[in-house]
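An overview of the molecular structure
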Amino acid sequence: MNTILSPLYYAVSWIIIRFHDLYSLVFNEDSGWAWGLSIVSLVIVVRIALIPLFFKQIKSTRNMQALQPKMKKIQERYKNDKQRQSEEMMKLYRETGTNPLSSCLPILAQSPFFIALFQVLNHIANNDKVGVLTAEQVTSAREATIFGAPIAARFLDSADKLAELGASLTDVRVVTVVMIVLMSASQFFTQRQLMTKNVDLTVKTPFMNQQKMLMYIFPIMFAVFGINFPVGVLIYWLTTNVWTLGQQMYVITRNPTPGSVAFQQRQERLRKKGKLKEDPAEVEAKKAAEAARATRTQPKRQTKSQRQSGGTHPQGKPESGQPSAEQPKKAQPRQQPKQRPKKSQPGKPKSPNSKK
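Described in the following lines is the structure provided in the data block.

1. Re the overall build of the chain
Helix and strand counts for the chain come out as 13 helices and two strands. Out of the 356 residues in the chain, the part that is buried amounts to 34%. Sequence-distant contacts in the chain: of pairs separated by 6 or more residues, those separated by 24 or more amount to 66%. Accessible surface for the chain amounts to roughly 24,200 Å². Of this, 57% is attributable to carbon and sulfur atoms.

Here is the structure:
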């Protein structure tokens with residue numbers, strides 16, 4: 001790993017040294033401010049270089065969101081044939097010019113610099129030379145502190161190791177916990193801003209559920225891994241999260257996803273400023289709909305006594321239980337009452353004429 005990333009060690013350490021020389025004109029060269037601001041400046045340089053990849057990520061994310069309904073149909077159609085399903089997915093990506101990996105490009109491109117900085121700080125913590133750093137510069141960076149926490153210290157470091165760096169366990173843990181919380185919170189708000197402002201609400205896809213899940217998973221991952229990061233790496237990651245939040249806010253305000261809340265807000269701002277050119281046909285259709293809504297009259301409601309006296313419903317329908325004039329009752333045949341047989345009285349002799 002050291003052999004593969006050794007060129008990045010030189011690049012990262014060289015950028016840090018150049019900015020350290022600049023900030024040493026204002027701050028003490030052995031202070032944490034000079035070394036901490038050098039790491040912040042390293043983040044800014046890396047993120048500026050990644051701006052083209054960031055816009056590719058935004059475009060790829062939108063394309064993936066738009067393709068979700070078609071992807072779902074392919075999955076349902078070929079759910080029993082995984083090979084055909086993969087072929088149709090690749091065909092769909094080629095036809096639309098979408099690359100699923102484009103949404104991960106900024107993170108993938110930034111990872112080598114992150115690993116290189118992590119290893120540089122590890123060498124500084126062990127008081128080893130790395131990159132273009134001299135022995136004096138390694139010692140200066142190793143002893144530099146930010147709010148009492150050395151740049152090379154970690155949350156899990158023992159009290160004896162921190163004592164070698166001239167710091168206390170309480171100071172280091174308080175500083176690292178605060179930075180981990182800020183790092184996780186900035187990641188959460190970045191993802192939440194994307195979900196609440198820049199997602200097409202007219203399309204309900206599994207992609208939205210995945211993004212919601214990531215909104216909670218990423219901050220937890222940062223919190224778990226953060227306890228193993230040196231303070232300098234926490235500075236790096238907190239800075240890059242804040243940069244991402246601001247950069248995403250700018251893109252959402254200037255170029256939001258069609259159908260999203262941010263898009264509707266932008267359309268309203270442009271409409272108020274008179275900069276939005278709407279289709280004349282759509283304007284006329286909106287005016288006609290508003291006029292029809294204003295002139296439409298609702299039927300008057302009748303009281304119960306009015307309905308009973310009139311015998312009809314307000315729409316002219318007969319009340320329930322009352323016969324309609326158009327449908328007269330059918331005449332029922334009259335049934336003759338059955339004659340009950342006479343009972344013979346006991347003790348009375350029968351008439352001889354009664355026999356046939």
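2. Some words on helix H4 (residues 82-96)
With 15 residues, H4 should reach 21 Å at 1.5 Å per residue; the first-to-last C-alpha distance of 21 Å fits that figure. Among the residues of H4, Gln85, Glu88, Met89, Leu92 and Tyr93 are the ones counted as buried. One side of H4 holds all its buried residues, which, seen down the axis, span an arc of 140°. Exposed side of H4, more than 90 degrees from the buried face: Gln83, Arg94 and Glu95 are the residues found there. Residue glycine 97 follows H4 closely and has a positive phi angle near 65°.

3. Let's talk about the environment of alanine 116
Structurally, alanine 116 can be placed in helix H5 (residues 105-125). With 109 residues separating them along the chain, alanine 116 and proline 7 place their C-alpha atoms 9.2 Å apart. Not counting residues up to four positions away in its chain, the partners in contact with alanine 116 are Leu8, Tyr9 and Val12.

4. Observations concerning the side chain of serine 186
As for its placement among the helices and strands, serine 186 is situated in helix H8 (residues 169-197). In this structure serine 186 comes out as buried when scored by relative accessible area, which is 8%. One polar contact links the side chain of serine 186 to the main-chain carbonyl oxygen of methionine 183, over a distance of 2.8 Å. Not counting residues up to four positions away in its chain, the partners in contact with serine 186 are Leu238 and Asn241.

5. Remarks on empty space enclosed by the protein
One pass over the structure, following the stated rule, counts one cavity of 30 Å³ or more. When residues of the lining of the largest cavity are traced back to their parent elements, those giving at least two are helix H2 (32-49) and H5. Grouping the constituent residues of the lining of the largest cavity by class yields eight nonpolar, no polar and no charged.

6. Thoughts on the nonpolar core
Across soluble globular proteins, nonpolar side chains have a tendency to be buried as a group. Of all hydrophobic cores here, the largest spans 45 residues; its most connected members are Trp35, Leu42, Leu117, Leu133, Ile151 and Tyr236. Those elements that place two or more of their residues in this core are helix H1 (2-23), H2, H5, helix H6 (135-143), H8 and helix H10 (231-254). Once residues lying within four places of it in the same chain are set aside, the contact partners of tyrosine 236 are Ile39, Leu42, Val43, Val46, Gln110, Phe113, Phe114 and Leu117. If you look at the next biggest cluster of nonpolar residues, it comprises eight residues, including Met64, Met71, Met89 and Tyr93.

7. Details of the layout of surface pockets
Approximately 220 Å³ is the volume found for the second largest pocket. As for the second largest pocket, its lining consists of 13 residues, of which Trp33, Ile146, Phe147, Met179 and Ile235 are closest to the centre. Every element with two or more residues in the lining of the second largest pocket is listed here: H2, H8 and H10. With five residues, H2 is the largest single contributor of residues to the lining of the second largest pocket.

Each value, and the rule that gives it
Residues numbered from 1 in each chain as written. Predicted model: local features only at pLDDT ≥ 70, side-chain atom pairs only at ≥ 80, totals over all residues. Heavy atoms only, no water. Helix = DSSP H or I, 4+ residues; strand = E, 2+ residues; numbered from the N terminus. Buried < 20%, exposed > 50% of the residue type's maximum accessible area, 1.4 Å probe, protein only. Contact = heavy atoms within 4.5 Å. Areas by Shrake-Rupley, 256 points an atom, 1.4 Å probe, with all protein chains shown as cover. Expected span 1.5 Å × (residues − 1). Arc of directions from axis to C-beta. Polar contact = N/O pair within 3.5 Å; in protein donor to acceptor, adjacent residues only side chain to side chain. 1 Å grid on protein atoms, 1.4 Å probe; cavity = no way out; pocket = protein on both sides within 12 Å on 5 of 7 lines; lining within 4 Å. Points joined across faces, edges and corners; volume = space filled by probe spheres on them. Nonpolar A, V, L, I, M, F, W, Y, C, P; charged D, E, K, R; others polar. Core = buried A, V, L, I, M, F, W, Y, C linked by side-chain atoms within 4.5 Å.

On their own, these measurements won't tell you what the molecule is for.
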